Amino acid sequence: MGARVARGAWALSRAAGGCRAASSFQAPPPGAVDVAELLREAAGGEARAKAARRPPDRCSVLLFPGQGSQAVGMGRGLLGYPRVRELYAAASRVLGYDLLELSLHGPQEDLDRTVHCQPAVFVASLAAVEKLHHLKPQVIENCVAAAGFSVGEFAALVFAGAMEFSEGLYAVKVRAEAMQEASEAVPSGMLSVLGQPQSKFAFACLEAREHCKSLGIEDPVCEVSNFLFPDCRVISGHLEALQFLRKNSSKYHFRRTKMLPVSGAFHTRLMEPAVEPLARVLKTIDMKKPLVAVYSNVSGNRYTHPTHIRKLLGKQVVSPVKWEQTMHAVYQRKKGAAFPSTFEVGPGTQLGSILRSCNMQAWRSYSHVDVMEGSQDPEPGTSEALH
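A quick note: this is a predicted structure, and the numbers were derived from the prediction, not measured. (Residues numbered from 1 in each chain as written. Predicted model: local features only at pLDDT ≥ 70, side-chain atom pairs only at ≥ 80, totals over all residues. Heavy atoms only, no water.)

A. Expanded view of the side chain of serine 150. For serine 150, the location among the structural elements is in the loop between strand 2 (143–148) and helix 7 (152–159). For serine 150, a relative accessible area of 9% puts it in the buried group. Setting aside anything within four residues of it in sequence, one finds serine 150 in contact with Arg175, His267, Asn297 and Gln316. (Helix = DSSP H or I, 4+ residues; strand = E, 2+ residues; numbered from the N terminus. Buried < 20%, exposed > 50% of the residue type's maximum accessible area, 1.4 Å probe, protein only. Contact = heavy atoms within 4.5 Å.)

The following block contains the structure:
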């Protein structure tokens, strides 16, 4: 596994030194489809003899954050590393606007818009991988698994070589635009709920839907959209349903509720209009088997075949994110076995906080690759770069 990852996981192609042909979709601007070459550098050029299986404590796992982790200034801590500016320039060619300028200087309300936020987090996360590779190449070489939250799953798949950077970014662009449009069609949102063992999430959603019907809302939506960690969920749906839950939170044994700064009920059937545009793009992508294990938000399990990736990425838009289940799958091991090192690559440390609540022992080997600090000429191996 290590040798295969060394020549492939960050090279984004099957063969070291080769270049996989881009898909035939027409939308990206000319020249954008060769972006993978910017990222082609792993721990070696030619294939090496198959390495012996490494012990768990020498392996690594990469986690890619999702929407909500963005902040103005992200990317500033990455600009001194090889190819990061080229990566952002290539992204701007795909997107049609200056992503780096928006990421560095905002304004925040523009960066927070779904249509901008998803590409910004996707690119910042892969740029953070470039930083990690520059400072600690052995982490990339020894990577055995990757997982991404919502849009972060696209970044994880690009990292693992399942699709090219430009293909993944264009799919994210279409996804973000379609989800933005769907969210504007119905007043809806997402509510973070910290509960207790006796919390009644399903019953609460049922009563919230009944409340909406009493207001004249036909076919209301209120359902769990994210499984974060034990007793913590995100519930999404019509705003009237979420307001009802906040008002009656004690009835359902909710300890704390908080509206999330997003524009719609993501990962529910209110996003159904976004499925077809994304599916059309995914059909054009020559999906490959990931070079490391990548876990699906929809199932909580690792992908086993390229056709599953295309199918589940489309389904993910309207399905709950099973992140808690994913963490159990990634870190499941016999009692007393060592845990791999985990690196959160991208803005924010939310996935680290969730990991701590899911698995304290795994969290003890967690690090965050900072994207905010403004060192323009970093020295390899300096401790300030990894938090």
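B. Seen up close, the packing of aromatic side chains. This model, assessed by the stated rule, comprises 6 aromatic pairs. When the centroid spacing of 6.1 Å and the interplanar angle of 70° are considered together, the rings of phenylalanine 203 and tyrosine 252 count as edge-to-face. Linking phenylalanine 203 in helix 9 (residues 201–214) with tyrosine 252 in the loop between helix 10 (239–247) and strand 6 (256–259), this pair joins segments that are 49 residues apart in sequence. Classification of phenylalanine 203 as partly exposed rests on a relative accessible area of 38%. (Phe/Tyr/Trp six-rings, centres within 6.5 Å; stacked < 30°, edge-to-face > 60°.)

C. Structural detail: the layout of surface pockets. Of the volumes computed, that of the largest pocket is approximately 760 Å³. Lining of the largest pocket is provided by 30 residues; of these, Ser192, Leu228, Val234, Leu260 and Gln350 occupy positions nearest its centre. Of all the elements in the fold, those that place two or more residues in the lining of the largest pocket are helix 8 (165–185), strand 3 (188–194), strand 4 (222–229), strand 5 (232–238), strand 6 and helix 14 (350–358). Per-element tally for the lining of the largest pocket: the top contributor is strand 3, with 4 residues. In the lining of the largest pocket, the residues fall into 16 nonpolar, 11 polar and 3 charged. (1 Å grid on protein atoms, 1.4 Å probe; cavity = no way out; pocket = protein on both sides within 12 Å on 5 of 7 lines; lining within 4 Å. Points joined across faces, edges and corners; volume = space filled by probe spheres on them. Nonpolar A, V, L, I, M, F, W, Y, C, P; charged D, E, K, R; others polar.)

D. Geometry of the nonpolar core. By size, the foremost hydrophobic cluster in this structure holds 99 residues, and its most contacted members are Leu62, Phe64, Phe122 and Phe159. For this core, the leading source of residues is helix 5 (residues 114–135), giving 12 residues. Phe201, Ile217, Ile235 and Ala241 belong to the second-largest nonpolar core, a separate cluster that totals 18 residues. (Core = buried A, V, L, I, M, F, W, Y, C linked by side-chain atoms within 4.5 Å.)

E. Local environment of the confidence of the model for the chain. Per-residue confidence for the chain averages 86 on the pLDDT scale, and 83% of its residues sit at or above 70. Predicted confidence for residues 1–9 stays below pLDDT 50, and this span has 36 contacts to residues more than four positions away or in other chains. Of the regions scoring below 50 in pLDDT, residues 11–52 engages in 86 contacts with residues more than four places distant in sequence or in other chains. (pLDDT = per-residue confidence, 0-100.)

F. Main features of the environment of leucine 126. Looking at the element boundaries, leucine 126 is found in helix 5. Take leucine 126: its relative accessible area is 0%, and that puts it in the buried class.

G. Structural detail: helix 2 (residues 84–95). Between the first and last C-alpha of helix 2 there are 16 Å, a value that for 12 residues agrees with the 16 Å anticipated at 1.5 Å per step. Where helix 2 is concerned, the buried positions are Val84, Leu87, Tyr88, Ala90, Ala91, Ser92, Val94 and Leu95. Contacts from the buried residues of helix 2 go to helix 3 (99–105), helix 5 and helix 8. One or two steps after helix 2, the chain reaches glycine 96, where phi turns positive at roughly 90°. (Expected span 1.5 Å × (residues − 1).)

H. Spotlight on the pairing of strand 5. Of all 7 residues in strand 5, 7 are buried, a share of seventy percent or more. Alignment of strand 3 against strand 5, held across 7 bridges, turns out to be antiparallel. Bridging from a neighbouring strand, leucine 194 pairs with cysteine 232 of strand 5. What sits between the antiparallel neighbours strand 4 and strand 5 is a turn of 2 residues, in which aspartate 231 has the positive phi angle 70°. (Pairing = 2+ DSSP bridges.)

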